[in-house]
Amino acid sequence: KAKALFAAGLSAGWDEKSFHFACSTQYTPAQATLFAGVSQVPPGHHLVLTADDSSVVTRAYWDLPRHQPEVDLEVDDFGHALDVAVRLRLPAGQKCAFQLSGGLDSASVVALACQALEETDVFTVSFPHPDYDELALAEEVAERYGARLHRVRLDEEDLINALEPAVRHSEGLAVNGHLSAKFLLARAIHEQGFKVVLTGEGADEVLLGYPHFRQDLNAGVLEPDFLSQNRASAGIMLSAGPTLALGGVEAELGWVPSFLRAKAALGHRLHQVLKSDFLGSYRERDCFHEMLDGADLAGRDRLDQASYLWCKSALCNYILSTLGDGCEMSHSVEARLPFLDHHLVELV
């Protein structure tokens, strides 16, 4: 994290261009951070320092493979690959916890882990409002597999009070209440003495589970009751209202992925709280077109393009960094994500 560099003597300051980008798209640019003089290694890359210490080179070692819709994936093949991915991430000789929402993704990880472990501890966040609480589902999963359930009770005041430390530790923008909840969940896991936790995150990327991917699959034509069935995504992952400029994306791709429209609408609302002179410095900027820079999109179909751009922005620069490592490592907890095992990704 950048705080380590500041402690080592680097002057702390905003990178205003990156801040504008994040306020527009909700994510930092692929190779930048919110801080002046601090870059990040792009996803799927590593740094190579030459033997004489004269230069540092950034090299790509892996990238998302292209979807091959003509290939049939057997369910047994997927199940075996996920089972292997889970077992590889179980720490040897050390207690391991599991994040459990009660949904299919985290429940699948817990179910497979329970086949390999004698004891399993699962942690779930519980809210007082029934529309947001998934405790009953988590309890059903825990009871079915004999797991020990730890309930982390949170209310609105908990989320508000945790927002400042969560942002400070994660060093990213919070686009919804997930950040505070994840921060408090990681704290509860740490307080119970766990250093490693397995999660179900990444499944919606690998299996294209988000509703905006379904919208792209149907060429933007909404199914009956689509929005009412996905109320939690409205305005965040499904577009609502006017948007920032998307002309560059449409000109280059010939279309605009649904999630980019949603982010451009969210960015449009966020711009309303920024000073006019700050926005004026970037009046001609198209941040969403900049997201295409260096993207390997040629030869990919629409759904593949949308998936690729999501993984290179939301997944790496929010889910895995801000929401993931930023919250968990602040409590000395290492999260492991079986669904993002690269062998599993390549298989799917």
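Residues numbered from 1 in each chain as written. Predicted model: local features only at pLDDT ≥ 70, side-chain atom pairs only at ≥ 80, totals over all residues. Heavy atoms only, no water.

Explain the packing of helix α3 (residues 75-88) against helix α4 (residues 104-116) here, please?
To characterise two packed helices, one gives the angle between the axes of the helices and the distance between these axes. Look at α3 against α4: their axes get within 9 Å of each other, and the N-to-C directions meet at 70°. As the angle between them shows, α3 and α4 are arranged roughly perpendicular. Considering how the two elements wind past one another, α3 and α4 form a crossing that is right-handed. Contacts from L82, D83, V86 and R87 in α3 reach S108, V109, L112, A113, Q115 and A116 in α4. A per-class count over the contact of α3 with α4 returns six nonpolar, two polar and two charged. (Axes fitted to C-alpha atoms, helices over the stretch in contact; angles between N-to-C directions. Helix = DSSP H or I, 4+ residues; strand = E, 2+ residues; numbered from the N terminus. Parallel < 35°, antiparallel > 145°, perpendicular 65-115°, else oblique. Left-handed = near helix turned anticlockwise from the far one by under 90°. Contact = heavy atoms within 4.5 Å. Nonpolar A, V, L, I, M, F, W, Y, C, P; charged D, E, K, R; others polar.)

Please clarify how the nonpolar core should be interpreted in this entry.
Side chains that are nonpolar tend, in soluble globular proteins, to be buried together. Residues I189, L260, F288 and W310 are the most contacted members of the largest nonpolar core, which totals 53 residues. Contributions of two or more residues to this core are made by β4 (121-126), α6 (156-170), α7 (178-191), α11 (247-253), α12 (258-271), α14 (287-290), α15 (302-319) and α16 (321-328). The element that contributes the greatest number of residues to this core is α15, accounting for ten residues. Residue contacts for L260: discarding those within four places in its chain leaves L246, V249, F288, M291 and L309. If you look at the next biggest cluster of nonpolar residues, it comprises 24 residues, including A113, V122, A138 and A147. (Core = buried A, V, L, I, M, F, W, Y, C linked by side-chain atoms within 4.5 Å. Buried < 20%, exposed > 50% of the residue type's maximum accessible area, 1.4 Å probe, protein only.)

It is not clear to me how the environment of K3 should be interpreted in this structure. Could you clarify?
Relative to the assigned elements, K3 resides in helix α1 (residues 2-7). Beyond its immediate chain neighbours, meaning those up to four positions away, K3 contacts R168, H169 and E171.

Sorry, what's going on with α12 here?
Since one α-helical turn is 3.6 residues long, residues separated by three or four positions face the same way. The end-to-end C-alpha distance of α12, which contains 14 residues, comes to 20 Å, matching closely the 20 Å that a straight helix rising 1.5 Å per residue would cover. When you tally the buried positions in α12, you get ten out of 14 residues, the bulk of the element. Every buried residue of α12 is listed here: S258, F259, L260, A262, K263, A264, A265, L266, G267 and H271. (Expected span 1.5 Å × (residues − 1).)

Whenever I open this one, unusual backbone geometry confuses me. Can you help?
Keep in mind that most residues, glycine aside, have a negative phi and that most peptide bonds are trans. Unlike most non-glycine residues, Q26 shows phi in positive territory, near 80°. In this structure, Q26 sits in the loop between α2 (16-25) and β1 (45-49). According to the relative accessible area criterion, Q26 is buried, its value standing at 5%. Even without being a glycine, L208 presents a positive backbone phi close to 55°. Classification of L208 as partly exposed rests on a relative accessible area of 23%.

Help me understand the pattern of salt bridges, please; the structure alone is not making it clear to me.
Note on pairing: side chains with opposite charge can pair once their charged atoms come close. In the structure shown here, the tally under the stated rule is 15 salt bridges. Residue R148 pairs with D121 through a salt bridge whose shortest N-O separation is 2.8 Å. Of this pair, R148 sits in strand β5 (residues 148-153) while D121 sits in strand β4, and the two are 27 residues apart along the sequence. Residue R148 is classed as partly exposed on the basis of its relative accessible area, which comes to 40%. (Salt bridge = Lys/Arg side-chain N within 4 Å of Asp/Glu carboxyl O.)

Honestly, the side chain of T28 in this entry has me stumped. Any pointers?
Following the sequence through the fold, T28 ends up in the loop between α2 and β1. T28 has contacts with F21, A22, T33, L34, Q40 and N317, leaving out every residue within four places of it along the chain.

When you look at a negative patch on the surface in this model, what are you seeing that I'm missing?
A surface patch of like charges, here negative, comprises D72, E74, D76 and D77. Counting through the fold element by element, E74 comes out in the loop between β2 (56-60) and α3. (Patch = residues over 30% accessible without salt bridge, like charges linked within 9 Å, V, L, I, M, F, W, Y side chains within 5 Å. Areas by Shrake-Rupley, 256 points an atom, 1.4 Å probe, with all protein chains shown as cover. Lys, Arg positive; Asp, Glu negative; His and termini not counted. Charge placed at Lys NZ, Arg CZ, Asp CG, Glu CD.)

What's the story with the environment of E156 in this structure? I'm lost.
By secondary structure assignment, the location of E156 is in helix α6. Classification of E156 by relative accessible area gives exposed; the value is 54%. When the C-alpha positions of E156 and G177 are compared, they lie 9.3 Å apart, and in sequence the two are 21 residues distant.

Would you mind going over the packing of aromatic side chains with me for this structure?
One pair of aromatic rings is described through two measures. These are the centre distance and the angle between the planes. Throughout the structure, instances matching the rule amount to ten aromatic pairs. Consider the rings of W14 and F19, whose centres lie 5.7 Å apart with planes at 50°: the pair is tilted. For the ring pair F259 and W310, a centre distance of 5.1 Å and an interplane angle of 85° mean the geometry is edge-to-face. Here F259, found in helix α12, pairs with W310, found in helix α15; they are 51 residues apart in sequence, far enough to count as distant. Under the relative-accessibility criterion, W310 is labelled buried at 3%. Each member of the aromatic cluster is reached from another via a ring pair, and the members are F6, W14, F19, F35, F278 and Y282. (Phe/Tyr/Trp six-rings, centres within 6.5 Å; stacked < 30°, edge-to-face > 60°.)

Would you explain the pairing of β1 in this entry?
One ladder, built from five bridges, connects β1 with β2; its direction is antiparallel. In the strand pairing of β2, L47 is matched with T58. In textbook terms, the turn of a hairpin is the stretch between consecutive antiparallel strands, and for β1 and β2 this stretch comprises six residues, one of which, D53, has a positive phi near 60°. (Pairing = 2+ DSSP bridges.)

Explanation requested: the packing of α6 against α7 in the structure shown.
At a minimum axis separation of 8 Å, α6 and α7 run at an interaxial angle of 85°. The angle between the axes of α6 and α7 places the two elements in the roughly perpendicular class. The segment α6 lies against α7, with D158, L159, A162, L163, P165, A166, V167, H169 and S170 engaging L179, S180, A181, F183 and L184. Within the contact of α6 with α7, the residues separate by chemical class into ten nonpolar, three polar and one charged.

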